[in-house]
Amino acid sequence: MNLHTPAPPPPIDIAQTVANSPGYWTTVGQRLLRDKVTLFFGAVLLLIVLMAIFAPLIAPADPYKTNIIRRLKEIGFPGHPLGTDQTGRDMLSRLIYGGRLSLFMGVMPVINALIIGGMLGVIAGYMGGAVNSAIMRTMDIFYAFPSVLLAIAISGALGAGIGNAILSLSIVFIPPIARVAETITTQVRNLDYVEAARASGASSLRIIRIHVLSNVLGAIFVYATSLVSVSIILASGLSFLGLGTKPPEPEWGLMLNELRQAIYVNPYVAALPGVMIFMTSLSFNLLSDGLRSAMDLKS
Amino acid sequence: MLVYILLRLLYTIPIALGVTVFVFALIHLSGDPMSAIVAPDATAEMVEQLKKSYGFDQPLPIQYLLWLTKALQGDFGNSIVNSRPVLDTLLAAVPNTLMLAGVATLIGFAFGCILGGLAGYYQGGIVDKIATGFGIAGVSIPHYWLGMVLVIIFAVELRWLPATGMGAGGSDAWQWDWEHIRFLILPAVTLSVIPCGIITRTVRSTVAEILNQEFVQALRAKGLWHGQVMRHVARNAAPTVLAVMGLQLGYLLGGSILVETVFNWPGTGYLLNDAIFRRDVPMLQGTILLLAMFFVALNLIVDIVQTWVDPRMRRS
């Protein structure tokens, strides 16, 4: 959850992450339903996502249509409930459309990292020995960079663009996810019943599929939801620096950058895109906290 | 203890080498590093000559070794934009970033300890709820946006503090007086929000954990009053909290680029941003390498100090 480097892996207790045991997910679901804060921010997040998906149906105006006469109008201006930006485009429409790119650029890197980092971690943990060292020591090199610096360095070298921004953030999030996956896999591999399965002739693939993945997936998924909040801030940050989306696309970080000069004219309108980034990131963080405590049956 | 320190030092060497390989590889990720140097109307001959003068005609491993040897001697090459040595420009910017990150870490540390300490002591109370909420908000807030909001409030609306820059005369004329410190307040507060949130969370959980231990009950049974008990708690919490603070300083040194951009603060992040957009490859490499090495060194120091303070941490 640290903006500068992803949080250390959550404490893992194999004994209680028995995700296969009957009734586990039912219990988790019941605990979630009682957690008002998590439910509320889950609903907020759902609303933001739905707004982004159905943007063409909801947005009152064309987010690209400029208007030289109506520039930087204040909140509540007739026809523009949230005012207009520096080229007279409708802010409300741009904020609604902005969620599409901001969410995509924030979520994609974590999904990429979940797949690649998860695989690397499971391989390193299961194989052990030299393979483990080779994979995990390479990951250590990426840990030698604060994540903001790493993301900006890679994006800066590759050049601006949505694809490059997603690529650079994927690289940022692979090492922490690989670490979590590796820790759990190593623990599971040494459990008595896994040894027994191996002794009775189960193939590696079968052991990984049945015993390792069931324990790894839940943990890295919860961890990944907390990374999404960092990822959204960083992705918009890259666009804010001019390293992500290019104008005239609506994207919260880029909009914030374009409105920087407008703070002397119409400060409240200029600050709006940041509110969206904050709400989204906060919702992901609280959702992740809620999920984590719901899945920790000892608490 | 000595063995641990030696092993830890030895472990740092491959990491540092790996970092140099990565930084070197970065410019080759960016396509042809020559494209930024060569004028579009240059003849093929001139291109060849330029390639030679920058060493780009050699095979990659040789280029890497040449670059590394020079970098180890403090020669990061010359900037493509102004032809001045990269190291000189960097050394002028480093103190500004250190100052900003250092002050931000101290602010974060002070507020984090107070909030987190109170929250840990009064677990489940209203203070705890506020501190926890504050901690989560601190790590969820896009700090470049917070910078803008603070400028709007304190510079545009209230006109109490300046919006950007480092004051008259830039970084050369910096002094620790109110005329100059005014310029530091907004960027430092903006940057401090992240360490503040994280230290609040760390202190809260550490204090809560220590308070639940048996020796605290024993202290209370002995008849010590709150203040004395808290002194024991603080001494036990110190190693963890100091380690987190040390690492936070490292993150801020490398991660201040967004805040430096918002406030036009002439530090390393500002340099990096500038180097990216002018495609100044030596400057880009030099800045990233230096910041990453700072971080590696800081990690090393934090580990060693922590081992020294807390003997239980000696792993080897």
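One structure accompanies this document, and this report is about it. None of the values given here were measured: they were computed from a predicted structure. (Residues numbered from 1 in each chain as written. Chains lettered and ligands numbered in written order. Predicted model: local features only at pLDDT ≥ 70, side-chain atom pairs only at ≥ 80, totals over all residues. Heavy atoms only, no water.)

Here we take up the interface of chain A and chain B. Taken residue by residue, the interface counts 46 residues in chain A and 48 residues in chain B. Taking both partners together, chain A and chain B bury about 4200 Å²; carbon and sulfur atoms supply 77% of that area. At the boundary of chain A and chain B, one finds one salt bridge. Here D289 of chain A ties to R201 of chain B by a salt bridge, and the two come within 3.2 Å at their closest N and O atoms. Where chain A packs against chain B, one counts 10 residue pairs in polar contact (both at pLDDT 80 or more). Breaking the side of chain A that touches chain B down by element, the ones donating at least two residues are α5 (129-143), α6 (147-158), α9 (204-240) and α11 (267-295) of chain A. Considering each element in turn, the side of chain A that touches chain B owes the most residues, 13 residues, to α11 of chain A. (Contact = heavy atoms within 4.5 Å. Buried area = accessible area lost by both parts, 1.4 Å probe. Salt bridge = Lys/Arg side-chain N within 4 Å of Asp/Glu carboxyl O. Polar contact = N/O pair within 3.5 Å; in protein donor to acceptor, adjacent residues only side chain to side chain. Helix = DSSP H or I, 4+ residues; strand = E, 2+ residues; numbered from the N terminus.)

With that settled, the discussion passes to the environment of Y143 of chain A. All names here are of chain A. Within the secondary structure, Y143 is located in helix α5. Looking at Y143, the relative accessible area reads 19%, which means it is buried. As for Y143 and A160, which are separated by 17 residues in sequence, their C-alpha atoms are 24 Å apart. (Buried < 20%, exposed > 50% of the residue type's maximum accessible area, 1.4 Å probe, protein only.)

The next thing to look at is the packing of α11 of chain A against helix α5 (residues 126-140) of chain B. In contact at an axis separation of 9 Å, α11 of chain A and α5 of chain B are set at 125 degrees when each is read in the N-to-C sense. Classified by the angle between their axes, α11 of chain A and α5 of chain B sit oblique to one another. Taken as a pair, α11 of chain A and α5 of chain B cross one another with a handedness that is right-handed. Residues F278, S281, L282, N285, L286 and D289 of chain A of α11 of chain A pack against I136, A137, V139 and S140 of chain B of α5 of chain B. Residue composition of the contact of α11 of chain A with α5 of chain B, grouped by class: six nonpolar, three polar and one charged. (Axes fitted to C-alpha atoms, helices over the stretch in contact; angles between N-to-C directions. Parallel < 35°, antiparallel > 145°, perpendicular 65-115°, else oblique. Left-handed = near helix turned anticlockwise from the far one by under 90°. Nonpolar A, V, L, I, M, F, W, Y, C, P; charged D, E, K, R; others polar.)

A complete count under the given rule lists two cavities of 30 Å³ or more for this structure. Its volume calculated, the second largest cavity comes out at about 40 Å³. Every residue lining the second largest cavity is listed: V148, A151, I152, L234, G237, L238 and L241 of chain A together with L258 of chain B. Only α6 and α9 of chain A provide two or more residues apiece to the lining of the second largest cavity. By residue class, the composition of the lining of the second largest cavity is seven nonpolar, one polar and no charged. (1 Å grid on protein atoms, 1.4 Å probe; cavity = no way out; pocket = protein on both sides within 12 Å on 5 of 7 lines; lining within 4 Å. Points joined across faces, edges and corners; volume = space filled by probe spheres on them.)

Turning our attention to the packing of aromatic side chains. One pair of aromatic rings is described through two measures. These are the centre distance and the angle between the planes. Enumeration over the complete set of coordinates arrives at 11 aromatic pairs over all chains. Judged by centre distance (5.8 Å) and plane angle (40 degrees), the rings of F278 of chain A and W145 of chain B are tilted. On the criterion of chain membership, the pair formed by F278 of chain A in helix α11 and W145 of chain B in helix α6 (residues 143-157) is interchain, its members lying in two chains. Note on F278 of chain A: relative accessible area 16%, which makes it buried. Exposure remark for W145 of chain B: the relative accessible area of 10% places this residue in the buried category. Relative to W160 of chain B, the ring of F154 of chain B lies with its centre 6.1 Å away and its plane at 40 degrees, an arrangement referred to as tilted. F154 of chain B sits in the partly exposed class, given a relative accessible area of 25%. Judged by relative accessible area, which is 57%, W160 of chain B ranks as exposed. Chaining the aromatic ring pairs together yields one cluster made of F142 and F145 of chain A together with F22 of chain B. (Phe/Tyr/Trp six-rings, centres within 6.5 Å; stacked < 30°, edge-to-face > 60°.)

Residues and elements named next belong to chain A. Taken together, the side chains of I111, I115, I116, M119, I123, M127 and V131 define a hydrophobic patch exposed on the protein surface, amounting to about 620 Å² of accessible area. Examining the composition of the nonpolar patch, we find that six residues originate from one element, helix α4 (residues 91-127), more than from any other. By the secondary structure assignment, I111 is in helix α4. On the accessibility criterion, I111 (37% relative accessible area) is partly exposed. (Patch = residues over 30% accessible without salt bridge, like charges linked within 9 Å, V, L, I, M, F, W, Y side chains within 5 Å. Areas by Shrake-Rupley, 256 points an atom, 1.4 Å probe, with all protein chains shown as cover.)

Right, let's get into helix α3 (residues 60-72) of chain B. All names here are of chain B. With 13 residues, α3 extends 18 Å from end C-alpha to end C-alpha; this agrees with the ideal 18 Å at 1.5 Å per step. Looking at the packing, one finds that the buried side of α3 touches α1 (2-29) and α12 (281-309). Looking one or two places after α3, you find G74, whose phi comes out positive at around 85 degrees. (Expected span 1.5 Å × (residues − 1).)

Just geometry here; none of it tells us what the structure is for.
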